[in-house]
Amino acid sequence: AIANRYWGSANNGGINSFLTVSYDLDAAEVLEALVSVGALEAAKQFKSVLQELRVPLPASTQDDRWDLLKRHWTHSLDAHDLLSEEADRDLSRALKLHVKAHEDIYLALKPKE
């Protein structure tokens, strides 16, 4: 779920936007989720953004996350704000494979009528 949330937000508003609106997630948890589903290229790109930020991004309040990103997001990070095509394909592939491998779990999430 975290990897899918990252994929959707990073493609629709960028990584900065994802980090801003996902203040309830620790960035390390997001990185772990990307690795866990096998999206290694997406994880590599996300990790490089986190390393350039040079500060941890723990789960926090919306205001605290906003302030932290405002202070530490640099102009050089703007060039890495969107998923690369390779990272996007990697994450898409990994999510499809994860669903296929764990179809029983996903089917159990289907709302009952």
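Residues numbered from 1 in each chain as written. Predicted model: local features only at pLDDT ≥ 70, side-chain atom pairs only at ≥ 80, totals over all residues. Heavy atoms only, no water.

Draft legend 1. Representation of the packing of helix α1 (residues 2–12) against helix α7 (residues 85–101) within the structure. Across the interface, α1 lies against α7 with an axial gap of 10 Å and an inter-helix angle of 150 degrees. Judged by the twist between their axes, the crossing of α1 over α7 is left-handed. The residues of α7 that touch α1, namely those facing Ala3, Asn4, Tyr6, Trp7 and Asn11, are Asp88, Leu91, Ser92 and Leu95. Of the residues in the contact of α1 with α7, the class split is 5 nonpolar, 3 polar and 1 charged. (Axes fitted to C-alpha atoms, helices over the stretch in contact; angles between N-to-C directions. Helix = DSSP H or I, 4+ residues; strand = E, 2+ residues; numbered from the N terminus. Left-handed = near helix turned anticlockwise from the far one by under 90°. Contact = heavy atoms within 4.5 Å. Nonpolar A, V, L, I, M, F, W, Y, C, P; charged D, E, K, R; others polar.)

Draft legend 2. Focus on the packing of aromatic side chains. According to the stated counting rule, one finds 3 aromatic pairs in the structure shown. A ring pair is formed by Tyr6 and Phe18, whose centres lie 5.0 Å apart and whose planes are at 85 degrees; its orientation type is edge-to-face. A residue pair is termed long-range when its members are at least 10 positions apart, and Tyr6 in helix α1 and Phe18 in helix α2 (residues 15–21) qualify at 12 residues. On the basis of relative accessibility, which here comes to 1%, the residue Phe18 falls in the buried class. Ring geometry for Tyr6 against Phe46: centres 5.0 Å apart, planes inclined by 70 degrees, an arrangement best described as edge-to-face. Residue Tyr6 is located in helix α1, and its partner Phe46 is located in helix α4 (residues 40–53); the two are separated by 40 residues in the primary sequence. Under the relative-accessibility criterion, Phe46 is labelled buried at 0%. Through a chain of ring-to-ring contacts, the aromatic side chains of Tyr6, Phe18 and Phe46 assemble into a single cluster. (Phe/Tyr/Trp six-rings, centres within 6.5 Å; stacked < 30°, edge-to-face > 60°. Buried < 20%, exposed > 50% of the residue type's maximum accessible area, 1.4 Å probe, protein only.)

Draft legend 3. Region of the structure containing the environment of Leu69. Inspection of the secondary structure assignment puts Leu69 in helix α5 (residues 62–72). Taking the C-alpha atoms as reference, Leu69 lies 8.8 Å from Leu57; in sequence the two are 12 residues apart. Ignoring sequence-local partners within four residues, the contact set of Leu69 consists of Asn16, Leu19, Thr20, Leu53 and Leu57.

Draft legend 4. A look at α4. For α4, with 14 residues, the first-to-last C-alpha span of 20 Å sits near the 20 Å given by 1.5 Å per residue. Where α4 is buried, its residues contact α1, α2, α3 (27–36), α5, α6 (75–78) and α7. Of the residues trailing α4, Arg54 is marked for its positive phi of about 65 degrees. (Expected span 1.5 Å × (residues − 1).)

Draft legend 5. Region of the structure containing the pattern of salt bridges. Under the counting rule described, the total for this entry stands at 3 salt bridges. Of the charged contacts in the structure, one is a salt bridge between Arg89 and Glu85, with a shortest N-O distance of 3.8 Å. Of the two residues, Arg89 and Glu85 both sit in helix α7, 4 residues apart, roughly one turn of that helix. Its relative accessible area of 52% is what places Arg89 among the exposed residues. The class of Glu85 is exposed, set by a relative accessible area of 62%. (Salt bridge = Lys/Arg side-chain N within 4 Å of Asp/Glu carboxyl O.)

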